[in-house]
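# What the coordinates show
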Amino acid sequence: MKLHLEEDKDRASRKLPVPLVVEVLPGQAAEGLLELFEPGTYEGRTLQELVHAVLSRQDLSVEEREILEEIVFQMENGVLLCAGRPAEGDPLERARVEETEEGEKYYYVAVRALRPQEGGAPKGEATGNGRRRTTRGARFFDNIEVALLDRERMFLPCPMDPQIFEELTAFEPSSGAAEQGGDLAFGPRMIWHEGTVYVETVPWADVVRHALELFPHLARKRRRAWFRDLRTTQRPGVLSFDAQHMQMLLFEVLPRFVRIPSYIKSARNRAAALAAWLAQKVPVPTRYFRWAEEMGALHEVVKARTTWAPENVMEEDSGQRVSVHELMEAVEAALTRQWEEMVLAQHSRIRESMRLFAHLPVPARALILYVLTQGALEVQGFGFFHRPFDGALVVYQRTGRYALMDYYQRLYLFADCRVAVSTMDLWPVVVEKYKHPLLPRHQPWQRICLGRSPRGRTFSAPDIFRSIEDGLNALYHGYDARKRNGYHSLDRLSGMEREIHFDDLRVSAQDARLLENIPVTNAWA
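Notes on the structure follow. (Residues numbered from 1 in each chain as written. Predicted model: local features only at pLDDT ≥ 70, side-chain atom pairs only at ≥ 80, totals over all residues. Heavy atoms only, no water.)

## Quick word on the sheet that holds strand E20 (residues 429-430)
- If you trace the six strands from one edge of the open sheet to the other, you get E14-E15-E16-E19-E20-E21, paired in antiparallel fashion. Edge positions in the open sheet fall to strand E14 (376-379) and strand E21 (446-447), since each of these has one partner strand only. (Pairing = 2+ DSSP bridges. Helix = DSSP H or I, 4+ residues; strand = E, 2+ residues; numbered from the N terminus.)

Next up, the structure:
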């Protein structure tokens, strides 16, 4: 028996999965806290839950912690708004589709934390206790033009009122300092240099070492300039999962679920032919082809760059006056060098993983590099992605739309969903928020009732086949209309009030929208 039906929302669900980017902004600020949710991690979650996940991050930089403090300040007696309405409900209802410079699509949702306006100092200039909100780096060199470097210590001009100046002028230096002549040292924490008193602060090496925390805005500026010099606008991606697992999924599991051309099966190098064919099916951004070609050369490009070593600022042992402009140039050079080392470390890990695929042509290596760094791939309904909240690798196969028949031979149309297993658990689950007679609840990531436990299975190609096929067969054919087996039944039983019902899925076989074939999977002849 076939059922014919077509709906726009179901057609939209067949699109490739795209990430969701949620940004929480304080007040009317232009930048906020960002979090990227991969496909499969935001389905079934409300916008409030996603915002809570963004604000609960622990791996925040100093700049991001300052933004978080401002968001918390705004949320005191304030409200979270998204598109002018309270931030609640399904996040995709407020999302808009955007594209990166490389043409990659993603959903974007902006949530603003707004505090009721009050009189007083302009927001962002002073807090409730009167202290100005500035970055630590800005306070460090505030109203200073010249610093003094002495024995690897940084001395800054000491602001003095007339009384302090008179006391210092009347102070008699020790005989040892008088014999040396020149600069007169008044103890270990102050230096008198050319008529100005400088007070000891911190070692210059510590300023350089913690430049990312002291100067977050400058660090972001130098990062953009550095990656622009490398002809890319993005930070090179970090590996999302193990390369050996991906090799198994591409060359052993994928051919089981995806219809591949016959010439690939007879090719001498089947892996290279399959990877090249996948590179044509998947929209890989052009920068990954460039990275695949330049992967070996990038190490030399970075090494060849010459930077001003921050320690070269100090040319003498003591008493050297240096302008703040020169110090900031040294800090910028230190930040650039830190980004260089970070790029080299990341590309070293990527090159180590790409050794398994060194024999493949450039298009195939570009595809593998794209999948390794992005952590997701889907071809003809089969795919896998990296689940960030627990680090698991999730492998899935889409069901497509199908229909089930109840005891009275009435038909129920079920939407497309993903049946998946992961490195954490080989029991098949449904990724989306879904309801079915063999699912206990109406929520995402539910285990499918199989009637038996898949014990002893490991994350290997044969066991992945078996688990996913068990889940698909259970959804398609596991419900017996006569026995009404499972957690729920499609038809209502008299005298029973059910928490989950399927009346909204019931359709008529004579529906006027009969456009395409949909199988009735539990109609046994």
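## Focus on the pattern of salt bridges
- Counted under the stated rule, the structure contains 16 salt bridges.
- As a salt-bridge pair, Glu 378 and Arg 398 come within 2.9 Å of each other at their nearest N and O atoms. Of this pair, Glu 378 sits in strand E14 while Arg 398 sits in strand E16 (residues 392-398), placing them 20 residues apart in sequence.
- Classification of Glu 378 by relative accessible area gives buried; the value is 10%.
- For Asp 406, the salt bridge goes to Arg 410, with nearest N and O atoms at 3.0 Å.
- Linked by salt bridges that have partners in common, Glu 43, Arg 418 and Glu 432 make up one network. (Salt bridge = Lys/Arg side-chain N within 4 Å of Asp/Glu carboxyl O. Buried < 20%, exposed > 50% of the residue type's maximum accessible area, 1.4 Å probe, protein only.)

## Topic: the sheet that holds strand E18 (residues 411-414)
- Read across the open sheet, the three strands follow the order E17-E18-E22; overall the sheet is antiparallel. Here the strands that pair on one side only, and so sit at the sheet edges, are strand E17 (402-405) and strand E22 (506-507).
- Relative to E22, E18 is paired through two bridges, and the arrangement is antiparallel. Bridge assignment links Tyr 412 to a residue of E22, and that residue is Arg 506.

## Some thoughts on unusual backbone geometry
- Positive phi outside glycine occurs at Gln 409, with the angle close to 60 degrees.
- On the accessibility criterion, Gln 409 (59% relative accessible area) is exposed.
- For Arg 484, which is not a glycine, the phi torsion comes out positive at approximately 50 degrees.
- Examined against the element boundaries, Arg 484 turns out to sit in the loop between helix H16 (461-477) and E22.
- For Arg 484, a relative accessible area of 24% puts it in the partly exposed group.

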